Amino acid sequence: MERSVGRLAFVCSDMQAHIMPVSFEFDGSFFYLSGWNLKYSERFQDVTPRSRITLLVDDVDSSTRWVPRGVEITGEAESREKGDYLYVRIKPVGKTSWGL
């Protein structure tokens, strides 16, 4: 899939599941997530080493017919900082796909 926008799902310290849009890159081993104002997000401050997450990347194959496709990646996430930039690195441990 060429799209670099997905949805990240994880459980926060309030024990509530949350889903939020993120941009991502994949280097062949890890997914790297970033998002608007990520450094100040209360939700992302709950991401600790080995946090369990799900990243969903999906779309519809055509605008004229309903053919959904996607990939769901489960993994372990950790937040990292590089200078003033915060990002989340995900180590994939499983995946499921459909319509591809």
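Residues numbered from 1 in each chain as written. Predicted model: local features only at pLDDT ≥ 70, side-chain atom pairs only at ≥ 80, totals over all residues. Heavy atoms only, no water.

Hey, could you go over the overall build of the protein chain for me, with residue numbers and the actual values?
If you tally the helices and strands in the protein chain, you get 1 helix and 6 strands. The order of α-helices and β-strands along the protein chain, N terminus first, is β-β-β-α-β-β-β. When the 100 residues of the protein chain are sorted by exposure, 30% land in the buried category. Surface accessibility of the protein chain: about 6,800 Å² in total, with carbon and sulfur atoms responsible for 49%. (Helix = DSSP H or I, 4+ residues; strand = E, 2+ residues; numbered from the N terminus. Buried < 20%, exposed > 50% of the residue type's maximum accessible area, 1.4 Å probe, protein only. Areas by Shrake-Rupley, 256 points an atom, 1.4 Å probe, with all protein chains shown as cover.)

Run through the nonpolar core, naming residues and quoting values.
The biggest cluster of nonpolar side chains holds 18 residues, and the ones touching the most others in it are Leu 8, Phe 10, Leu 33, Phe 44, Leu 55, Val 88 and Ile 90. Contributing elements (two or more residues each) for this core: β1 (5-11), β2 (17-26), β3 (31-34), β4 (51-60), β5 (68-82) and β6 (85-98). (Core = buried A, V, L, I, M, F, W, Y, C linked by side-chain atoms within 4.5 Å.)

Quick rundown of the pairing of β4? Include the residues and the values.
As a general feature of sheets, a regular strand has side chains that alternate between the two faces. Residues Ser 51, Ile 53, Leu 55, Val 57 and Asp 59 of β4 are buried on one face, while the alternating residues Arg 52, Thr 54, Leu 56, Asp 58 and Val 60, pointing to the opposite face, are not. With 3 bridges connecting them, β1 and β4 associate as antiparallel partners. When the bridges of β4 are listed, Ala 9 appears paired with Thr 54. Pairing analysis gives 10 bridges linking β4 to β5, with the strands arranged antiparallel. (Pairing = 2+ DSSP bridges.)

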